[in-house]
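Residues per chain, in single letters:
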2 protein chains.
Amino acid sequence: MKHKITFVPDNVTIEMEHNGSLFKAFKAAGVYVLSSCGGKGNCGKCKVIVKQGTVEPGKSRSYLSTEEAERGYVLACHSHVLTDLTVEVPPESRMQAKHKIATGANTDALFKLLREAGGCLDSRIIRVYMELSPPTLDDNIADIERIRRALDERGFEADHLHLNFLVLRKLSQVLRDAGWKVTISLFYVGDVSEVLDIFPGNVTKKRFGAAVDIGTTTLVVYLVNMTTGQIVDTASLYNPQVKCGDDVITRIVYATEQNGLQELQELAVGSVSTMLTELSHKHGIDPGMVDYLVVAGNTTMNHLFYGIDPQHIREEPYIPTATFFPLIRGKSIGLSTDPQAVVYAMPNVASYVGGDITAGVLVSQMHKQEKVSLFIDVGTNGEIVLGNKEWLVTAACSAGPAFEGSGIKFGMRAMEGAIEEVEIDPKTFEVNYQVIGDTKPIGICGSGMIDALAEMYLTGVIDQKGRIREEIKSKRIRRGENGLEFVLAWRVESAINKEIVLTEVDLDNLIRAKAAIYAGFGTLLAHMEMKFADVDKVYIAGGFGRYIDVERAITIGLLPDLAPQKFQFLGNTSIMGAYYALLCDRLRHEAEAIARRMTYVELSVSRSFMDEYMSALFLPHTNLDAFPSVKHQMRKAKTWYPPE
Amino acid sequence: MKHKITFVPDNVTIEMEHNGSLFKAFKAAGVYVLSSCGGKGNCGKCKVIVKQGTVEPGKSRSYLSTEEAERGYVLACHSHVLTDLTVEVPPESRMQAKHKIATGANTDALFKLLREAGGCLDSRIIRVYMELSPPTLDDNIADIERIRRALDERGFEADHLHLNFLVLRKLSQVLRDAGWKVTISLFYVGDVSEVLDIFPGNVTKKRFGAAVDIGTTTLVVYLVNMTTGQIVDTASLYNPQVKCGDDVITRIVYATEQNGLQELQELAVGSVSTMLTELSHKHGIDPGMVDYLVVAGNTTMNHLFYGIDPQHIREEPYIPTATFFPLIRGKSIGLSTDPQAVVYAMPNVASYVGGDITAGVLVSQMHKQEKVSLFIDVGTNGEIVLGNKEWLVTAACSAGPAFEGSGIKFGMRAMEGAIEEVEIDPKTFEVNYQVIGDTKPIGICGSGMIDALAEMYLTGVIDQKGRIREEIKSKRIRRGENGLEFVLAWRVESAINKEIVLTEVDLDNLIRAKAAIYAGFGTLLAHMEMKFADVDKVYIAGGFGRYIDVERAITIGLLPDLAPQKFQFLGNTSIMGAYYALLCDRLRHEAEAIARRMTYVELSVSRSFMDEYMSALFLPHTNLDAFPSVKHQMRKAKTWYPPE
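Residues numbered from 1 in each chain as written. Chains lettered and ligands numbered in written order. Predicted model: local features only at pLDDT ≥ 70, side-chain atom pairs only at ≥ 80, totals over all residues. Heavy atoms only, no water.

Right, let's get into the relation of the copies chain B and chain A. Overlay of chain B on chain A (RMSD 0.1 Å): rotation 180°, translation along the axis 0.0 Å. Look at the turn and shift together and you get a two-fold axis relating the two. Among all residues of chain B, the one whose C-alpha sits closest to the rotation axis is Asp191 of chain B, at a distance of 3.1 Å. The share of interface residues of chain B whose copies in chain A are also at the interface is 100%, consistent with both copies meeting through the same surface. (Least-squares fit on C-alpha atoms with pLDDT ≥ 70 in both. Contact = heavy atoms within 4.5 Å.)

Right under this line is the structure:
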């Protein structure tokens, strides 16, 4: 027996077996619903409302408030379909398919680097136009030999000339159809040159490439004119793998399940293909002219993109199959480019420091500076690099995706409806907040959380350990279903007909996340026998970093207490670094040298890290002397002083 | 409406649409029936007998004798199915799936060469066994880097190390399942090394390769132990492409038809795969351990084997896509070997001088000798090479496959039932013949035809132009349906209940074929301003060459009149040359140098060739002085002297 399931507001209808999983119905219908655990039943995010019909709700109830249960909420992953259904995805469970990502690339810095590197655009793939003399009885060499001769005459090394199967099979036809006037693309690895593809006529100037950021949460594509080096256009989408889990660990587990790896690969590659195709068509470009792609992502995302089993990344001693990925062809993974397009992955350092970080260091150019810099990318994970032109050390902090909303009751990513700024009146404890898109709020994003945490601490709403002071007289402080909580927005203000709160559990998660990152800094410095004062620059990368208030981040002890001018926001350095390597092969080599130079410090087994972490589980830190500016603010705030 | 068609003696039944082609029914049923034209309707070979049921015979009648028509013979290609049928394939239309081919390889000569070349066995693919230390937290490099490091430690160049997609995807699993004790196969092109495959445990000594002769008529496979260099076993099959046409031209035409190219490729590759699989299993070898194949064939056969459109080979100025074929992988063409097995094609010289001839020259070693040699391969075509260590010239004679039975009324290949030797009593004109397999004859093969032609000429049955002397009183000389004919075997002697004859049309075809080959010799000699007397050795290659009587071949003017000790039979040099190149990369390089050194002379537009050809359309030749030994025989025979 089958049931019809209609999803609103999407207005999509599918059929499902009796007793089938409602979560699977969402996946089958292509309707997004939030899920951090990928349908495993333990994150409580996939809340939906059954408007008509009946489901077997399973253990849904234990993840729902009484009010939610009364209003027909269930968890999709726990529910089984019993009748025809109409299911609503409430705003807080919705994931917008597109969101605004800062893709404005700082091309000035790149072109300055290119000039320094000798003005080279990418020299890895070369297009050569040739007007061949048609064969005669007196000049009857084979088609391939004619091309080899033409290359020889033009001074190209063609000793180890290879033609792939695809070119081999169409060669004779293309040559004759094009009247012997063709463009070939030549690709060099070592001293072997390969005819990647052959095109009729002169298309030497119609070469395109793509830089791709395969983020755990977001996919970004730059379509690049390889002749001018300019970005033709950019696109971004949420990584649809999110529905299989929020973080890399959940996805690795998902990948080990039947067809999981293939599904994850198809989701990411499919989205990149879609963006590439749409961008190309929008600008009248044949996607078959895109012959070089540079992708940057963390090590797990690279494995998934290539369809390589990532399971050993997750198990001690945390070994990936590859850090330096062999070149592969677009067709091998199903990209909608030239099937022979060369796909290069920015080199990774270790299981938890990926090509996105190598890309970031490349963009920061910290690896060429005399003075020591600190690089931090607070994305879904928290990766940091410390170093200068002599040395580079790196670590991953396992901060978890709290600042991206995961594990936070009303946490969400920085998209429309997210509270992004918070002010709390120190006397009345009334809350002022700013919402992305100036709409009613549906949740709170990373920068909002940092603000809230800092304000709650400075106003004395919470103590140094993040515990809410129940003794404060404010109706915003109350005991909810998960213990004490602080109300940021009242029900009437919100778009979800619910109060938006931060619970003590949320606060604890945020403090653990910030402590992990700060402890990472400390461990790397200790590793090099240095102090924060030795750090000349702090580069902050990632979409997240772009919006945070450094002062507030220092207040909660997420960032070290350094002078504001030492901090520099770099934006999405993953996509920028990929773009650098795409355009210039010398910069690609530079990225490889960076990855080789980086010494990876495994924090998960570091005694020093555990000590640093324990000390950092306070606001801003156990050692308040390390945060003089915070001490100063607290004195100024004249509210609740911590015991000194 | 469908009809059941049963084939006897094969006892196979299939269903066919009403009015469907009977020829297609044979193909669908997988029942072999002779056909030179591939079902085009113009060779008259696919004679079958309708035992039960009715067909629309079309133009069958014009290819059949009255007697055949009365006995229910039709041509399969002209007939359409009207009812359920029982169809018999008579012996003369049958193609045995297997036949005896001389595969006894002269390995002594090869191993002598190998010793001279420094004793090298193939160095192109190397198996390296490594016992890797398992990763730890302190030694946590990626799996690929662990392999790279192990290679570095063993002194292998791993700077440009590539791993293909297949290895990449299974690497982590194989390493761990095998307890970090693995064998990798490394393949070098230029300075790029590729990990071809990875195997658990130590399989360095379990490396196998295959030499393959992709002949127009016959496919031969040597399964070779790459550690010892010894041939494990050999197999041969008729090339099943024969059902799409006897000669390369017919197959090229067939390839241009819908799916024709794919069909031809699958037929040849499928047969080679079957032989490889059977040979491997017979000797307890995993076909996945066969990682290197060297194929030798003519240029068209190479194109078909690789699935490359051969159509321009056939049209002036006769241009192949490739003479030096890029390396491809077994999986690309569907071979049952290691999917990553490297397939190398012996280099071709031009559209009509292929890798089989390069292989032949390699085996003859004529390219290293001071004195001038002549190399001849009278296979389906007739290719010749003249030269020494200074120079090599080559040509294809377009002799046509007359000596393989095509265009000869009772012509057949050298298999059971073929008349292979003929003697004619000069007085009584009675015939003594020898049949392969000592059975009743069903036709006549190449060596039999040469014998018959020589004997008929020496006994005066035919004149210098090959015309039968009607005035001779013998019941063997008679007028048949195609004009004058000579009866070799009476109906009662034959296995087909018909007289086996040679007609004047047959004789004319044979003389044209021998004239083309002899004219080829003459043209190449003239090209070099040389004479036959300057030729020190004549190497005769090909299965055909093994059985012919040199004296008789000189008598008819197929071979030049040189001293018997100058002739040397080399057997199947195509497969032997492939075997040489398989085992020793220096010999592979030597073959490439040979192919590059050979100057191709296009005979089809050569004025000199036309003159030589016209002069050779006599027995033995217009200029009898060029054939002193034949002159001597004729005097001795004291029968009919030609006008002097």
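With that settled, the discussion passes to the confidence of the model for chain A. Residues and elements named next belong to chain A. The share of residues in chain A with pLDDT of 70 or more is 95%, and the mean pLDDT across the chain is 90. Within chain A, the element-level pLDDT minimum falls on helix α3 (residues 107-116), averaging 74, and the maximum on helix α8 (residues 299-306), averaging 97. Low pLDDT (under 50) marks residues 96-104, which in the prediction has 21 contacts with non-local residues, meaning those over four places away or in another chain. If you check the scores for this complex, the pTM reads 0.83 and the ipTM reads 0.83. (pLDDT = per-residue confidence, 0-100. Helix = DSSP H or I, 4+ residues; strand = E, 2+ residues; numbered from the N terminus.)

All names here are of chain B. Pairing in this open sheet of three strands is antiparallel, and the strands run β24-β25-β26 from one edge to the other. Two strands lie at the open edges of the sheet, namely β24 (477-480) and β26 (500-503), each paired on one side alone. Within the sheet, the average angular offset between the axes of one strand and its neighbour, ignoring direction, is 45°. Relative to strand β25 (residues 483-489), β24 runs antiparallel, the two being bridged by four bridges. (Pairing = 2+ DSSP bridges. Axes fitted to C-alpha atoms, helices over the stretch in contact; angles between N-to-C directions.)

Inspection of the secondary structure puts Thr459 of chain B in the loop between α11 (446-458) and β24. Only 2.6 Å separates the side chain of Thr459 of chain B from the backbone oxygen of Glu455 of chain B, close enough to count as a polar contact. (Polar contact = N/O pair within 3.5 Å; in protein donor to acceptor, adjacent residues only side chain to side chain.)

Another point: the packing of aromatic side chains. Considering all chains together, one arrives at 18 aromatic pairs over all chains under this definition. A ring pair is formed by Phe521 of chain B and Phe532 of chain B, whose centres lie 6.3 Å apart and whose planes are at 90°; its orientation type is edge-to-face. Here the residue Phe521 of chain B occupies a position in helix α12 (residues 504-527), and Phe532 of chain B occupies one in the loop between α12 and β27 (535-541), the gap between them amounting to eleven residues. Comparing Phe521 of chain B with Phe532 of chain B shows no difference in burial state: the two are buried. On the basis of an interplanar angle of 15° and a centroid distance of 6.1 Å, the ring pair of Phe609 of chain B and Tyr613 of chain B is categorised as stacked. Taken as a pair, Phe609 of chain B and Tyr613 of chain B lie in helix α17 (residues 607-615) at a separation of four residues, close to a single helical turn. For Tyr613 of chain B, a relative accessible area of 14% puts it in the buried group. Of the aromatic side chains, those joined through ring pairs into one cluster are Tyr518, Phe521, Phe532 and Phe627 of chain A. (Phe/Tyr/Trp six-rings, centres within 6.5 Å; stacked < 30°, edge-to-face > 60°. Buried < 20%, exposed > 50% of the residue type's maximum accessible area, 1.4 Å probe, protein only.)

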